[in-house]
Amino acid sequence: MALIFVYGTLKQGQPNHTVLLGGTHGSAAFRGRGHTAEPYPLVIAGEHNTPWLLHLPGQGHCVAGEIYTVDEQMLRFLDDFEGCPAMYQRTAVQVVVLEWEGEGGPRDSVQCFVYSTATYAPEWVHLPYHDSYDSEGPHGLRYNPRENR
C-alpha cells in the first residue's frame, strides 16, 4: 500500500474523483486532508484547463489536497491515467496532515506520492499560482472532462 496526495481533479467533488471509487481500478481509501510541506506552483493550464503542480519546490504556495491509501493496482492505473511519466511524474513529497481518519493527528506529516510535472511550457511559471483547486472555482477556468474531448 502507498499514500498518494491528490490536489486537482481526483479530489472529492471534482470531475475525475470517480476513478478512485468502486474498486474497478484497484483500491483507494480516503485517509485525510493536508497540504504540501513545501510550496509548489499550482497552475491551471492547457486547452482543457488542467490543474498542474509544477515541480519547482520552494516556489508558489503550500498546496491543499487529500491523502489516500492505494494498492499497487490503483497506483499502476493512476500512473497510466496521469500520463506518467510523459505528462506528470510521480514523485514523493512531504504532506502536513490537517485532518486524519484513524491513527495520526493534525501535527503529523506523511510522505506521499504526488503527480507533478517537470515537463511544462516555460510560460506556465508566469500563470497565477493557486493554493487549492476546484474545477468550479472563482478562477473561471472550467476543466474540460475527458469524456467531453
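Counting through the fold element by element, Asn16 comes out in the loop between β1 (2-6) and β2 (28-36). The buried category is assigned to Asn16, whose relative accessible area is 5%. Sequence separation of Asn16 and Arg146 is 130 residues, and the distance between their C-alpha atoms is 8.8 Å. Other than its neighbours up to four places away in sequence, Asn16 contacts Thr9, Leu10, Phe81 and Tyr143. A polar contact is formed between the side chain of Asn16 and the side chain of Tyr143, at a distance of 3.1 Å.

Below, the discussion takes up the nonpolar core. Ranked by size, the top nonpolar core spans 39 residues in total, and within it Tyr7, Ile67 and Leu78 carry the most contacts. Put simply, the parts of the chain that give this core at least two residues each are β1, β3 (42-45), β4 (50-53), β5 (64-70), α1 (72-81), β6 (89-100) and β7 (109-116). The greatest single-element share of this core, amounting to 5 residues, is contributed by α1.

With that out of the way, let us pick up the pairing of β4. The alternating pattern of β4 places Thr50 and Trp52 on one face and Pro51 and Leu53 on the opposite face, and all of these are buried. Hairpin connection from β3 to β4: 4 residues lie between these consecutive antiparallel strands, with Gly46 at a positive phi of about 85°.

Attention now moves to the packing of aromatic side chains. One pass over the structure, following the stated rule, counts 4 aromatic pairs. With 4.6 Å between their ring centres and 15° between their planes, Trp52 and Tyr88 make a pair best called stacked. Here the residue Trp52 occupies a position in strand β4, and Tyr88 occupies one in the loop between α1 and β6, the gap between them amounting to 36 residues. What makes Trp52 buried here is its relative accessible area of 9%. Counting every residue linked through ring pairs, the aromatic cluster contains Trp52, Tyr88 and Trp124. Taking the ring centre of Phe113 as reference, the NZ or CZ of Arg90 above it sits at 4.7 Å. Seen from the ring of Phe81, Arg146 lies directly overhead, with NZ or CZ sitting 3.7 Å from the centre.

Cut-offs and rules
Residues numbered from 1 in each chain as written. Predicted model: local features only at pLDDT ≥ 70, side-chain atom pairs only at ≥ 80, totals over all residues. Heavy atoms only, no water. Helix = DSSP H or I, 4+ residues; strand = E, 2+ residues; numbered from the N terminus. Buried < 20%, exposed > 50% of the residue type's maximum accessible area, 1.4 Å probe, protein only. Contact = heavy atoms within 4.5 Å. Polar contact = N/O pair within 3.5 Å; in protein donor to acceptor, adjacent residues only side chain to side chain. Core = buried A, V, L, I, M, F, W, Y, C linked by side-chain atoms within 4.5 Å. Pairing = 2+ DSSP bridges. Phe/Tyr/Trp six-rings, centres within 6.5 Å; stacked < 30°, edge-to-face > 60°. Lys NZ or Arg CZ within 6 Å of the ring centre and 35° of its normal.

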